Amino acid sequence: MIKLTRWSLLVIFAMVLAACVAPGAPADDDAAGDAVGDSEAMADGGGSVTFTSWGGAYQEAQTNAYLNDYAADMGVEIVQDGPTDYAKIVAMVEAGQTTWDVVDIENDFAIGSTEQYFEPIDYSIVPKDEILPGLANEYRVGSILYATVIGYNTDEFAEGPSGWADFFDPEAFPGTRSLPNRASRYIFEVALIADGVDPADLYPIDVDRAKAVLDRIKDDVIFWETGSQSAQQLADGEAVMGMIWNGRVQTAIDEGAPLAIAWNEHIALPDFYAVPKGAPNKDEAMKLIAYMVSSEHNHKISDYISYAPINVMTFDKVNAEMAPLLPTYEDRPSMGFIVDDAWWDENRDDMLEAYDAWMLE
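Analysis parameters
- Residues numbered from 1 in each chain as written.
- Predicted model: local features only at pLDDT ≥ 70, side-chain atom pairs only at ≥ 80, totals over all residues.
- Heavy atoms only, no water.
- 1 Å grid on protein atoms, 1.4 Å probe; cavity = no way out; pocket = protein on both sides within 12 Å on 5 of 7 lines; lining within 4 Å.
- Points joined across faces, edges and corners; volume = space filled by probe spheres on them.
- Nonpolar A, V, L, I, M, F, W, Y, C, P; charged D, E, K, R; others polar.
- Helix = DSSP H or I, 4+ residues; strand = E, 2+ residues; numbered from the N terminus.
- Buried < 20%, exposed > 50% of the residue type's maximum accessible area, 1.4 Å probe, protein only.
- Phe/Tyr/Trp six-rings, centres within 6.5 Å; stacked < 30°, edge-to-face > 60°.
- Lys NZ or Arg CZ within 6 Å of the ring centre and 35° of its normal.
- Salt bridge = Lys/Arg side-chain N within 4 Å of Asp/Glu carboxyl O.
- Expected span 1.5 Å × (residues − 1).
- Contact = heavy atoms within 4.5 Å.

Attention now goes to the layout of surface pockets. Taken as a whole, the largest pocket encloses approximately 230 Å³ of empty space. Around the largest pocket sit Trp54, Pro83, Thr84, Asp85, Tyr86, Asn181, Arg182, Arg185, Glu225 and Thr226, which together line it. For the lining of the largest pocket, the per-class residue count stands at 3 nonpolar, 3 polar and 4 charged. Space inside the second largest pocket adds up to approximately 180 Å³. Around the second largest pocket, the lining residues are Gly56, Ala57, Ser228, Ala231, Gln232, Ala235, Arg248, Thr251, Ala252, Glu255 and Ala257. Among the secondary structure elements, those contributing two or more residues to the lining of the second largest pocket are helix H4 (56-74), helix H9 (227-235) and helix H10 (246-254). Across the lining of the second largest pocket, the residue classes tally to 5 nonpolar, 4 polar and 2 charged.

On to the environment of Glu321. When you line up the elements, Glu321 lands in the loop between helix H11 (282-293) and helix H12 (341-360). The class of Glu321 is exposed, set by a relative accessible area of 69%. Separated by 19 residues in the primary sequence, Glu321 and Ser302 place their C-alpha atoms 9.7 Å from one another.

The next point concerns the packing of aromatic side chains. Evaluated as defined, the whole model comprises 18 aromatic pairs. On the basis of an interplanar angle of 85° and a centroid distance of 6.1 Å, the ring pair of Trp343 and Trp344 is categorised as edge-to-face. Per residue, the accessibility class of Trp343 equals that of Trp344, and both read buried. On the basis of an interplanar angle of 10° and a centroid distance of 5.8 Å, the ring pair of Tyr355 and Trp358 is categorised as stacked. One end of the pair is Tyr355 and the other is Trp358, both in helix H12 and 3 residues apart, which spans about a single turn. As far as the burial class goes, Tyr355 and Trp358 line up, both buried. Members of the aromatic cluster, connected to one another through ring pairs, are Tyr58, Tyr146, Trp224, Trp245 and Tyr307. Above the ring of Phe167, the side-chain terminus of Arg177 is found at 5.8 Å from the ring centroid.

Pairing of side chains with opposite charge becomes possible as their charged atoms draw close. Under the criterion given, the structure shown has 9 salt bridges. The salt bridge partner of Arg185 is Glu106, with a shortest N-O separation of 3.3 Å. With a gap of 79 residues between them, Arg185 in the loop between strand S5 (177-180) and helix H7 (187-194) and Glu106 in the loop between strand S3 (102-105) and strand S4 (141-153) connect regions that are remote in the sequence. Using a relative accessible area of 5% as the deciding quantity, one classes Arg185 as buried. With a closest N to O distance of 2.7 Å, Asp195 and Arg216 form a salt bridge. Linking Asp195 in the loop between H7 and helix H8 (207-214) with Arg216 in the loop between H8 and strand S6 (221-224), this pair joins segments that are 21 residues apart in sequence. With a relative accessible area of 38%, Arg216 lands in the partly exposed category.

A separate point is H11. When the terminal C-alpha atoms of H11 are compared, their 17 Å separation across 12 residues agrees well with the 16 Å that a helix rising 1.5 Å per residue should span. Buried residues dominate H11, accounting for 10 of its 12 residues. Every buried residue of H11 is listed here: Glu284, Ala285, Met286, Lys287, Leu288, Ile289, Ala290, Tyr291, Met292 and Val293.

Of the consecutive residues Gly82 and Pro83, the connecting peptide bond is found in the cis state with omega at -5°. Counting through the fold element by element, Pro83 comes out in the loop between strand S2 (77-81) and helix H5 (86-95). At the junction of Tyr203 and Pro204, the peptide bond is cis and its omega measures out at 0° in the coordinates. Non-glycine residue Tyr186 carries a positive phi angle of around 75°. Position of Tyr186 relative to the elements: it lies in the loop between S5 and H7. Classification of Tyr186 by relative accessible area gives buried; the value is 3%. The phi dihedral of Glu265 falls on the positive side, at around 65°, and the residue is not glycine.

Now for the side chain of Ser306. Within the secondary structure, Ser306 is located in the loop between H11 and H12. Leaving out residues up to four positions away in the same chain, Ser306 has contacts with Asn246, Gly247, Gln250, Met322, Leu325, Leu326 and Pro327.

And the structure:
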């Protein structure tokens, strides 16, 4: 069981996030107080909704935790797609041909410059007042709390890395590294942390300094595009160490892969649910979101993958066996740091170009 007092750092993190995205916060707080997230209030029956997420173990967990039951309880057909693709969302909306209804997105999207591609969340049914502060915004509402960690092969290293400095030290920890192929998964931040930068001083990002750290492992890197691929690279031994989401590496561990997690200096992150502008089944999309984040259902995600809920009413419902695997367990939050998604919204294109250029050098 998760104790609320153990969430103090994440609540602070959420409030920082709220400050970053305050311009997009819902104006009608009174409506939020009347929100109802339980299945009885939402039951209409019939219809369909297209749900898009990141695939692999995470989307399978969402299916088992929410989607199957929602379809059965509400009599709604759920069509699944994936992985989430930001360029595809933009293209669909701009062409007026949106086909996705609910999309799971990372924390760098549906804020600031990309809010225009999404529908406002209907807080008359989505229970805003139950969501961690800062994770219920005008165009998106939190889905999970997770972490980007170092996953490593225990057959290769009896004693694993203690943080990102070890990750970028190929002499002390030889072997191939696995990295994301997109800068907005915060590769520059971990490189700077490895070089001794305090998390409070990460922004604005010193790209040249970060790239110099990345150069230390340039000859020993493979890249991943999806969470499933990142886990497979470690499980298959293609890489001895990887920058990976905690739930993905934990799933591989549960399946017998000789892997472990280094939690120190992890990145604490939320994912969000959002509804693309022009979604063909917008009303049903809002009902599905309300169902998934409700106090009745939100904690169920932790039964299937080691990600934590965002509804404060569900913290004490989390499976006791899973709780020690979550990024919110005991003093684990104090081992991590947060990123500035508002800064990323303003600088995303430059950061993506800089990292793409490094990969091609």
